[in-house]
Amino acid sequence: MLGGPGLETVVDQIISVITNDGRNIVGVLKGFDQATNIILDESHERVYSTKEGVQQLVLGLYIIRGDNISVIGELDEELDASLDLSQLKAHPLKPVIH
């Protein structure tokens, strides 16, 4: 997991963010502040289901408050591009309880 000063190394790179309510948001990290509020560009939410493939909802430029972030990680673009998300089925993530 990345956080605080470690985020400097992934600015302008694609990251994946898991929010406290269980959403998975992927986008290009454009900026962040000391409270780990982040700005993503070209972002989309990946919605998982056990009945159909992953849906990708376009969000565009998106801000996520730091207190709503559970995990931030780099996305392996090569591996991600090789996945057929339309065939991938999974249970949606449950909310994180602190």
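Residues numbered from 1 in each chain as written. Predicted model: local features only at pLDDT ≥ 70, side-chain atom pairs only at ≥ 80, totals over all residues. Heavy atoms only, no water.

1. Side note on the overall build of the protein
Put simply, the rule is: Secondary structure is summarised from DSSP: a helix means a run of H or I of at least four residues, a strand means a run of E of at least two, and numbering begins at the N terminus for each. Just to be clear, the radius of gyration here is over C-alpha atoms, and the globule rule we use is 2.2 Å times residues to the power 0.38.
Within the protein, the secondary structure is distributed over one helix and five strands. Starting at the N terminus and ending at the C terminus, the protein contains elements arranged as β-β-β-β-β-α. The C-alpha radius of gyration of the protein comes to 13 Å, within 12% of the 13 Å expected for a compact globule of 98 residues. Expressed as lengths along the three principal axes of its C-alpha atoms, the size of the protein is roughly 40 × 30 × 20 Å.

2. What to know about the nonpolar core
Note the threshold: Residues belong to a common nonpolar core when they are buried Ala, Val, Leu, Ile, Met, Phe, Trp, Tyr or Cys residues joined through side-chain atoms within 4.5 Å. Buried residues are those whose accessible area, probed at 1.4 Å on protein chains only, stays under 20% of the maximum for their type, while exposed residues exceed 50% and partly exposed ones sit between those limits. Residue contacts are defined here by distance: any two heavy atoms, one from each residue, within 4.5 Å place the two residues in contact.
Counting 11 residues, the largest nonpolar core is built from Leu-7, Val-10, Ile-15, Val-17, Ile-25, Leu-29, Ile-38, Leu-40, Ile-64, Ile-69 and Ile-72. Counting residues per element, the ones that place at least two in this core are β1 (14-19), β2 (24-32), β3 (38-47) and β5 (69-74). What Ile-69 contacts, discounting residues up to four positions off in sequence, is Val-17, Ile-18, Thr-19, Asn-20, Thr-36, Ile-38 and Ile-64.

3. So, a nonpolar patch on the surface
Under the convention used in this document: Surface patches are drawn from residues lacking salt bridges whose relative accessible area is over 30%; two like charges belong together within 9 Å, two nonpolar side chains (Val, Leu, Ile, Met, Phe, Trp, Tyr) within 5 Å. In this description, accessible areas are obtained by the Shrake-Rupley approach with a 1.4 Å probe, and a residue is regarded as covered only by the protein chains that are shown. We define a salt bridge as a side-chain nitrogen of Lys or Arg found within 4 Å of a carboxyl oxygen belonging to Asp or Glu.
A cluster of nonpolar residues, Ile-39, Leu-61 and Ile-63, forms a patch on the protein surface that exposes about 310 Å² of accessible area. Topologically, Ile-39 is positioned in strand β3.

4. Here's the deal with the sheet that holds β5
Filter applied, for reference: Note on pairing: DSSP must find at least two bridges between two strands before they are called paired. Axis angles are defined between N-to-C directions and span 0 to 180 degrees, where every axis is a line fitted to C-alpha atoms and, for a helix, only to the segment in contact.
Strand order across the open sheet formed by five strands is β4-β3-β2-β1-β5, with antiparallel pairing between neighbours. Across the chains shown, the open sheet's two edge strands, defined by having one partner strand only, are β4 (55-64) and β5. Strand-to-strand, the axes of this sheet are offset by a mean angle of 25°, without reference to chain direction. As judged from the five bridges shared by β1 and β2, these two strands associate in the antiparallel manner. Among the inter-strand pairings, Ile-18 is bridged to a residue of β2, identified as Asn-24.

5. Brief notes about the pairing of β3
As a general feature of sheets, a regular strand has side chains that alternate between the two faces. Pairing of β2 with β3, which is carried by seven bridges, proceeds in the antiparallel orientation. Residue Phe-32 lies in a different strand from β3, and its bridge partner there is Ile-38. If you look at the hairpin formed by β2 and β3, you'll find five residues sitting between the two strands, and Thr-36 has a positive phi there, around 60°.

6. Let's talk about unusual backbone geometry
With a phi close to 70°, Asp-12 is a non-glycine residue in the positive phi region. By the secondary structure assignment, Asp-12 is in the segment before β1. Look at Thr-36: it is not a glycine, yet its phi comes out positive at around 60°. Structurally, Thr-36 is set in the loop between β2 and β3.

7. Regarding the pattern of salt bridges
Taken as a whole and assessed by the stated rule, the structure comprises five salt bridges. Lys-30 serves as the salt-bridge partner of Asp-12, at 2.9 Å between the closest nitrogen and oxygen. Of this pair, Asp-12 sits in the segment before β1 while Lys-30 sits in strand β2, and the two are 18 residues apart along the sequence. Here Arg-23 makes a salt bridge to Asp-21, at a shortest N to O gap of 3.9 Å. Assessed through its relative accessible area of 24%, Arg-23 is described here as partly exposed.

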